[in-house]
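One-letter residues, chain by chain:
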Amino acid sequence: MFQIQTPPRNPQPTYLPIPLHHRRRHRISAALTTTTNNNQTIQSLCKKGQLKQAIQLITHEQNPTQHTYELLIQSCARQKSLIDAFKVHKNLNDNGFDEDPFLATKLIDMYFELGSIEHARQVFEEITQKTIYVWNAFFRALSLSGNGEEVLRLYRKMNEIGIPSDRFTYTYALKACVVSEASSFLWRGKEIHAHVLRHGYEGHVHVMTTLVDMYAKYGYVENADFVFSSMPVKNVVSWSAMIACFAKNGRPFQALQLFQKMMLESGEMLPTSVTMVSVLQACAALAALEQGKLIHGYILRKGLDSILPVMSALLTMYARCGEIDLAQNVFNKMEKRDTVSWNSLISGYGIHGLGSEALQIFQEMVSNGVSPSPITFVSVLGACSHSGLVDEGKLLFNSIKQYGIHPSVEHYACMVDLLGRANRLDEAAKVISDMRDEPGPKVWGSLLGSCRIHCNVELAERASKWLFELEPTNAGNFVLLADIYAEAKMWGGVKRVKKLLEARGLQKVSGCCWIEIKRKIYSLTSVDELNPQIEQIHALVVTLSKEIRDIGYVPETKAVLYDLEIEEKERIVLGHSEKLAVAFGLINCSKGETIRITKNLRLCEDCHSFTKFISKFTNREIMVRDINRFHHFRDGECSCRDYW
DNA sequence: TTAGGGTTAG
């Protein structure tokens, strides 16, 4: 199928047949004159978008030029007309251009634009002289239509028959390694990485940036960082790719550090809207409000506030930093809004436990004629779930199809969460058994989470049986089941799960809190010995816990995974990172300032109760974002109304 | 002739 052809010495295409009757000199010049005129007319018709007329003319044109066909092909792609595309393609073949590799690349692009990979493939297969442009054009078409596997197959073929790749081929091939979600092509990516180095492209900024991104998409942060650090030339895109890599892979702190480094080292190079989106994501993940505000200022100064992705990320940053009013302000000021902007606002209200507001925004969205997306329903169902709006959530779930959306596993997981949280576990289990698709880990995970809240051992065992199979390395699931056994005082079960964890070499993710004080982020863990104030912090926690006992605080120790004396259990929960963070905040925040804490796991019941009492006792507002939502503690109450 | 980084959820 693939033949290697020596390229023609004469760059003039030899495959342009000149009809015999044009061979005589005077006929040739005459023919050239008419040709020029007709070609020019066709070309100008194409430019004016009058494709039909152009096609009429080309059928009578005896000497069409390559450029004329190029414009015709582009015109077909622009006008999205496959029928015209076929006419032009046939006419071009009839006039002997079927072996023109330049036009073949244009045809491949055109068929891709028109959504017909099959015709693009046909052009690719039929052209004998496959220049690197032809290969690259087909790779591009395949990559962009999600057919990474075929790119990789052809790339291998190309290597076997000895056609050298160029810088474009490498970028397409690397991108092909991440387009298919079904299977991992990381190993192929690594192989191409080796080819890139072997052929001396280690200094090529496009190729290397694509490599950074390829590793980023697989979560191979160290590899991405290694490639990035080894780049002799970096530009704003490479910096942004690496910042995005950190932000997307749970390393927001490093993302911000790298951004600061970029601002210091990059000289004239300015961050773009793309850079700012990743930086905002990092601020949101860290709940770094002050940093985020600085970024907001920069966005306004640089006039990036009309770019939709920037504004959605900004809105989300405020919402995830606990400032839902500022998020709403951003939304109000937006000149244009798309589905994502609305989704961002809905989920913002959702994580603040403001379910009715989220529902209202959803209604507004629909009445404004904005189409909801699958994510809209995940957000609005999530909002119902956090607020206990079970009936509203059920109605919404049943309406999904009306919006032309097929309910996905994510939507079912939301429903299970909604019902399960509300202690309607049987209904939640029924939702699962009624599912046509395989429930998958998200659905079972939701059920297990609800079993944890309501301590339902039997259902938890059923859910974890599936979960342990589907996610054998997710330690969180094992810990949830152990928690449930512990609460039910089934110490044999706790032991068994711990052994399972050990046998699989898994470790419980330890609790960690962080807090921003004067634009600096401080993290606290229960085993923290490095914090210079740690003794003061512990002392304050002990004192406070004694004081608040007088106003009704009773330690809740059921989360402790050990069968110990009650005093020992109380000592353990007193060391939870969230309590340390509260004390750290009380020591270091200015008087009257809200203490803002972020936690990597779900807030435990004792810490929740402790913080409520502390907010009353110290007359402080304390805001805690846990893995799922916000808790605003004020005057002894929490905004979640103990429903979380 | 062709190319690299980004928005919302979980």
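These numbers were taken from a predicted model, which means no experiment stands behind them. (Residues numbered from 1 in each chain as written. Chains lettered and ligands numbered in written order. Predicted model: local features only at pLDDT ≥ 70, side-chain atom pairs only at ≥ 80, totals over all residues. Heavy atoms only, no water.)

### A short note on the pattern of salt bridges
Quick reminder of the rule: A carboxyl oxygen of Asp or Glu within 4 Å of a side-chain nitrogen of Lys or Arg is what we treat as a salt bridge.
For the structure on display, the rule yields 27 salt bridges. Connected through shared salt-bridge partners, Arg452, Asp483, Glu487, Lys558 and Glu605 make up one network.

### Some details on the sheet that holds strand S3 (residues 595-599)
Applied cut-off: Any two strands are treated as partners once DSSP identifies two or more bridges connecting them. A run of H or I in DSSP becomes a helix once it reaches four residues, and a run of E becomes a strand once it reaches two; helices and strands are each numbered from the N terminus. What makes two residues a contact is simply this: any of their non-hydrogen atoms within 4.5 Å. All axes are obtained by fitting lines to C-alpha atoms, using only the stretch in contact for helices, and the reported angles, taken between N-to-C directions, cover 0 to 180 degrees.
Read from one edge to the other, the open sheet built from six strands follows the order S2-S1-S3-S4-S5-S6, with strand pairing classed as mixed. A strand with exactly one partner marks an edge of an open sheet, and here the two such strands are strand S2 (520-525) and strand S6 (637-638). With three bridges connecting them, strand S1 (residues 512-517) and S3 associate as antiparallel partners. Bridge pairing links Trp514 to Thr598 in S3. Sitting on the sheet, helix H32 (residues 605-617) touches strand S4 (622-625), strand S5 (630-634) and S6, and the angle it makes with S5 is about 35°.

### Digging into the packing of helix H16 (residues 289-301) against helix H17 (residues 308-320)
We count it as follows: The scheme is simple: roughly parallel for angles under 35 degrees, roughly antiparallel for over 145, roughly perpendicular for 65 to 115, oblique for anything else. Two helices cross in a left-handed way if the nearer one is turned anticlockwise from the farther one by less than a right angle. They cross in a right-handed way if the turn is clockwise. In the scheme used here, Gly and all other residues not listed as nonpolar or charged are polar, with Ala, Val, Leu, Ile, Met, Phe, Trp, Tyr, Cys and Pro taken as nonpolar and Asp, Glu, Lys and Arg as charged.
Between H16 and H17, whose axes approach to 10 Å, the crossing angle comes to 155°. Viewed along their axes, H16 and H17 adopt a mutual orientation that is roughly antiparallel. When you trace H16 past H17, the crossing you get is left-handed. On the side of H16, the interface is formed by Leu289, Gly292, Lys293, His296 and Ile299, while H17 contributes Val310, Leu314, Met317 and Tyr318. Counted by class, the contact of H16 with H17 contains six nonpolar, two polar and one charged residues.

### Structural notes on the UniProt feature "repeat: PPR" (unreviewed entry) in chain A
The cut-off we apply is this: UniProt positions are given in the numbering used here, feature names are shortened, and annotations may be inferred rather than shown by experiment.
This chain's UniProt record puts "repeat: PPR" (unreviewed entry) on residues 131-165, 235-270, 338-372 and 373-407. The span residues 235-270 is 75% helical and 0% strand by assignment, and the distance between its end C-alpha atoms comes to 10 Å. Taken end to end, residues 373-407 comprises 69% helix and 0% strand; its first and last C-alpha atoms sit 11 Å apart.

### Section: the packing of aromatic side chains
Two numbers describe a pair of aromatic rings. These are the distance of the centres and the angle of the planes. Our working definition: Within 6.5 Å between ring centres, the rings of Phe, Tyr and Trp (the latter by its six-membered ring) count as paired, and their orientation is classed by plane angle as stacked under 30 degrees, edge-to-face over 60, tilted in between. Look at NZ for Lys and CZ for Arg. If either is within 6 Å of the ring centre and within 35 degrees of the ring normal, a charge sits over the ring.
Taken as a whole, this structure holds 17 aromatic pairs when the rule is applied. Clustering of aromatic rings is evident, with ring pairs tying together Phe124, Trp135, Phe138 and Phe139. Over the ring of Phe228 we find Lys234; its NZ or CZ atom is 5.0 Å from the centre of that ring. Cation over ring: Lys579 sits above Phe610, and NZ or CZ is 5.5 Å from the ring centre.

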